[in-house]
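Next come the chains, spelled out residue by residue.
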Amino acid sequence: VFFFSLALPAIFNFTYVFANDLGADSSFIGLLGAFQGCVALIALPVLGRGVDRIGARWILLFAFMAMPSRAFSLVFVESPVWLLAPILFHFFTWAGFEIAGVLFVSRLADSGNRGLAQAMFVSAQVLGNLVGSPILGYLAEEFGYSIMYCVSSLMALVGLVLFLRQHWLSLTHEISTE
């Protein structure tokens, strides 16, 4: 969760600044945010049903795979209009992560520790954002957005590898219904 969240500032906050640097006006930047909201509006109920059908672990896997892809796809954007395409990953990188993450963590914890488990999940997200923002901001300013998006993609890739190791490849951590 921490490494996944390190990349969040790159795909959210810094993408609007990147759009501005590419020549987008405030109206178009607002359109980017609105499009992201529309994707989330569609994704939230769909992925809620997806969690019920295939399990939170699968939806989280898709989210962990989509994050490095979304960040890396931004390396190739040369026009503000093309910023709309990576927002389609928002389906999993935000909606999937939020819905499945909460449910997955709840199911991992026993009933007496679910509140603590949720607090730890949210704390890891916030800490990732807190640490990621200045690092990614520095990279964008000193080396450009392409380098920043590459590094954020690598950070998210570390999160994917850790998720796979912990929840897919580990024989000691089996979740039968997830």
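Structure: above.
So, here's what we can say about the structure. (Residues numbered from 1 in each chain as written. Predicted model: local features only at pLDDT ≥ 70, side-chain atom pairs only at ≥ 80, totals over all residues. Heavy atoms only, no water.)

1. Concerning the overall build of the protein chain
Then step 1. Of the regular secondary structure elements, the protein chain holds eight helices and zero strands.
Then step 2. Going residue by residue from the N terminus, the α and β elements of the protein chain occur as α-α-α-α-α-α-α-α.
Then step 3. Computed over the C-alpha atoms, the radius of gyration of the protein chain is 17 Å, within 12% of the 16 Å expected from 2.2 N^0.38 for a compact globule of 178 residues.
Then step 4. Across its three principal axes, the protein chain shows a C-alpha extent of roughly 50 × 30 × 25 Å.
Then step 5. Counting the 178 residues in the protein chain, one finds 45% classified as buried.
Then step 6. Here the contacts in the protein chain between residues at least 6 apart in sequence split such that 81% fall between residues at least 24 apart.
Then step 7. When the accessible surface of the protein chain is split by element, carbon and sulfur atoms take 68% of a total near 9000 Å². (Helix = DSSP H or I, 4+ residues; strand = E, 2+ residues; numbered from the N terminus. Rg over C-alpha atoms; globule rule 2.2 N^0.38 Å. Buried < 20%, exposed > 50% of the residue type's maximum accessible area, 1.4 Å probe, protein only. Contact = heavy atoms within 4.5 Å. Areas by Shrake-Rupley, 256 points an atom, 1.4 Å probe, with all protein chains shown as cover.)

2. Digging into the environment of Ile-42
Then step 1. Along the chain, the position of Ile-42 falls in helix α4 (residues 26-54).
Then step 2. By relative accessible area, which is 53% here, Ile-42 ends up exposed.

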